[in-house]
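The lines below spell out each chain.
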Amino acid sequence: MGVFSKHHRFREAGEQANVNNVEEFGEPVRSLFTSSKVLSLHQHTDITDDREQIVYQARSKVLSLHDKTDVFTADGRRVSHIERKLFTLHERHYVTLEDGTQFELSNELFHIFKDITNIEGLGWQLRGNIIGMNFQLYDQSGAIIAVIGQKMLSLHDKYCVDIYQPEKEEAVVSILVTLQHMMRDRAASSSFSFSSSSGGE
């Protein structure tokens, strides 16, 4: 697995649970996997189980300023609505679950390699590792909820998530989709900054 093996937690559907996750947190109760495709002006993300059966789908408009996204179950029931709000120093993503629960994430956490953010509205924490491209999600008591890993050099923006508290699955999936958008925005911002600085030389 190379230099990233100690930190990198991504795995494909059908593969055994990541050994680092098992050693640290035990066997996950359930694992889900994402693959995103851009079709015309929309982005579509399938979220599948270990058998590669679709469990959730996320749909968003690629060219929307507020990056509005809706998450649905495979049978069409809406799980959540995700929307980006623009601010002067950073952006925030607001998530509203169908039961009315609301929370928010801010991408200003990802300015350094490793950081911790409070997910406002839930009392949870998302702890990130940009180098290893993985994140741990903890509840208000410090118990692990899920571990998220991102595949390196993937054309379809693949992630996997090992879930340890399955009763929180819909919130976890919504956070996973939001994280995808935040990481994509960060990559686009970095590319723009690099292009701008290179163009000025």
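Residues numbered from 1 in each chain as written. Predicted model: local features only at pLDDT ≥ 70, side-chain atom pairs only at ≥ 80, totals over all residues. Heavy atoms only, no water.

What follows covers the overall build of the protein chain. Within the protein chain, the secondary structure is distributed over two helices and 12 strands. The order of α-helices and β-strands along the protein chain, N terminus first, is α-β-β-β-β-β-β-β-β-β-β-β-β-α. Across the 201 residues in the protein chain, those meeting the buried criterion constitute 48%. Excluding contacts between residues fewer than 6 apart, the proportion of contacts in the protein chain whose partners are at least 24 apart in sequence is 35%. Surface exposure of the protein chain reaches about 10700 Å², of which carbon and sulfur atoms provide 53%. (Helix = DSSP H or I, 4+ residues; strand = E, 2+ residues; numbered from the N terminus. Buried < 20%, exposed > 50% of the residue type's maximum accessible area, 1.4 Å probe, protein only. Contact = heavy atoms within 4.5 Å. Areas by Shrake-Rupley, 256 points an atom, 1.4 Å probe, with all protein chains shown as cover.)

Let's shift gears to the pattern of salt bridges. One pass over the structure, following the stated rule, counts 11 salt bridges. Between R77 and E170 there is a salt bridge, and its shortest N-O distance comes to 2.4 Å. Within this pair, whereas R77 is found in the loop between β4 (69-73) and β5 (78-86), its partner E170 is found in helix α2 (residues 169-199), the two being separated by 93 residues in sequence. Looking at R77, the relative accessible area reads 41%, which means it is partly exposed. Three or more residues joined by partner-sharing salt bridges are found here, namely R11, D50 and D162. (Salt bridge = Lys/Arg side-chain N within 4 Å of Asp/Glu carboxyl O.)

The next subject is the environment of V71. Mapped onto the elements of the fold, V71 is located in strand β4. Accessibility expressed as a relative area gives 0% for V71, which makes it buried. In sequence terms V71 and L97 are 26 residues apart; their C-alpha atoms lie 9.3 Å from each other. Those residues in contact with V71, other than ones at most four positions away along the chain, are Y56, Q57, A58, R77, R78, V79, S80, I82, V173 and V177.

The next point concerns the packing of aromatic side chains. One pass over the structure, following the stated rule, counts two aromatic pairs. With a centroid separation of 6.4 Å and an interplanar angle of 70°, the aromatic rings of F25 and Y138 are classed as edge-to-face. Of this pair, F25 sits in helix α1 (residues 19-25) while Y138 sits in strand β10 (residues 134-138), placing them 113 residues apart in sequence. Classification of Y138 by relative accessible area gives buried; the value is 9%. Of the aromatic side chains, those joined through ring pairs into one cluster are F25, Y138 and Y164. Above the face of the F72 ring, R59 is positioned so that its terminal group lies 4.4 Å from the ring centre. The positively charged end of R127 is found above the aromatic ring belonging to Y138, 4.0 Å away from the centroid. (Phe/Tyr/Trp six-rings, centres within 6.5 Å; stacked < 30°, edge-to-face > 60°. Lys NZ or Arg CZ within 6 Å of the ring centre and 35° of its normal.)

A few words now on the side chain of S31. Of note, S31 is situated in strand β1 (residues 30-39). By relative accessible area, which is 3% here, S31 ends up buried. A polar contact is formed between the side chain of S31 and the side chain of R11, at a distance of 2.5 Å. A polar side-chain atom of S31 sits 2.6 Å from a polar atom in the side chain of D162. In contact with S31, other than residues within four places in its own chain, are R11, T48, D49, D50, V161 and D162. (Polar contact = N/O pair within 3.5 Å; in protein donor to acceptor, adjacent residues only side chain to side chain.)

Interpretation note: all reported values are geometric properties and have no functional meaning in isolation.
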